[in-house]
Amino acid sequence: MRDPAIRAAALTATRSWTVSGDAGPPAEPFERRLAGSTQYERPIGGRDVVYLDLTAPGAPAPMMLPPITWQLDGQPVADAIGQLTFPLDLHRLSPGTHTMAVRVGDETRTWTVDNTPPTVAYTLSPTVASIATDAGSGTPHVFMRDEFTMQLDPADDQPGYVVAEFRLNGDGWHHYYGWPDAPPGTPFRFTPRGTNIKELIYGSLSAEGLSPQPWEPREPGWGSHRIEYRAIDAAGNIGDARDFRVTIMPGPECARTVTGQHAGDLRVDSGVTCVIGATVTGSIAVAAGASLVATDARIGGGITAARAADVELVATTVAGDVRIEGTVGRVVLFGATVTGATTVSGGGSTPARLIGSTFGTLTCAGNGEAPVNGGTPNRLPGGATGQCAGL
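Treat the numbers as computed from the prediction; the structure is a model and nothing was measured.

(A) The arrangement of the overall build of the protein in detail. Summing up its helical and strand segments, the protein has one helix and 38 strands in all. When the 391 residues of the protein are sorted by exposure, 42% land in the buried category.

(B) Spatial organisation of the packing of aromatic side chains. Taken as a whole, this structure holds 15 aromatic pairs when the rule is applied. Pairing F166 with F190 gives two aromatic rings, centres 6.0 Å apart and planes at 80 degrees, and the pair type is edge-to-face. Of this pair, F166 sits in strand β15 (residues 163-168) while F190 sits in strand β17 (residues 188-190), placing them 24 residues apart in sequence. Residue class for F166 comes out buried when judged on its relative accessible area of 1%. Judged by its relative accessible area of 0%, F190 falls in the buried class.

(C) Local environment of the environment of G368. Tracing the sequence through the fold places G368 in the loop between β37 (358-365) and β38 (384-386). Its relative accessible area of 56% is what places G368 among the exposed residues. A C-alpha to C-alpha distance of 4.9 Å links G368 and S349, two positions 19 residues apart in sequence. Apart from the residues lying within four places of it in its own chain, the contact partners of G368 are G347 and G348.

Conventions and cut-offs
Residues numbered from 1 in each chain as written. Predicted model: local features only at pLDDT ≥ 70, side-chain atom pairs only at ≥ 80, totals over all residues. Heavy atoms only, no water. Helix = DSSP H or I, 4+ residues; strand = E, 2+ residues; numbered from the N terminus. Buried < 20%, exposed > 50% of the residue type's maximum accessible area, 1.4 Å probe, protein only. Phe/Tyr/Trp six-rings, centres within 6.5 Å; stacked < 30°, edge-to-face > 60°. Contact = heavy atoms within 4.5 Å.

Have a look at this one:
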């Protein structure tokens, strides 16, 4: 095809054929049918988005959309006509079981909607003390020694597997499986540094997280923590997360234990003196280097501690003033009630923990770190000043 005129005529004919694309008479419209959808063999969740699949592989074009109508609890949903998806969350279903149906042409599909979220109960090992985080909330803040366990028991109104989950201090959610390498039903165990099981760490309260690597250096997680828990049912409903707080401290090695009633003043000259469920009719003086750990005790006078090692008042009532100055180790007042004035000053690098307690007045000054309340505010009818303002 060397002749330019002939070559040009051939190209013109080719272009004309390509553009016209005349392949004969147009195809008849093909009505799509229901080929797939969100599963309907078991209940779906109350916040699911139900979808329809009308794909028909191999069908000639063009395709025509069949009539699509939706019903919720037997009532037509006008604004869903012709839609291929149905977002249940937009319809704000009441709690309980509902029925949803769709008609696509002459085909019908029906779903059971489970809009009742699952629940989960928790059980802790015995506590040393427990207080409410705020009036009327019912959320507890508990005090533990050395370690504690938690068991979660999820439940739902529909058949199917229910998953319990929990998380520590706002970190990621963990599936609750009980305790590894233990019989079913064994509760989960929390310790300050975790437990090594086959070179995996479980239940660590350290800042490195619940399951740090076993070779990671980690500081013991003494102090206050928030634990949230929830459940997910077989339909995918996620129950509301609830929570509790826990403050965990080392168990004291008591050199002297006071129980029952102690008449008059009590002097703590050395070692650790534990006052457990006792009544001291007078005052308590703690000498330098000594420690006082009072639990569920009643002190008729005041307490003074100058350069003590540790001072802990847990669920303890003090009728007089409390003066804690220059403490080397821990200062913990958990669920305590002090009728008089409380002063916490000159403490070391560990912040004093003043948690859910009631103080006549509270003054904090000169501490290496400002005192903290562990997430549970104190009751301060006489107010607080210095580093404890707003605590």
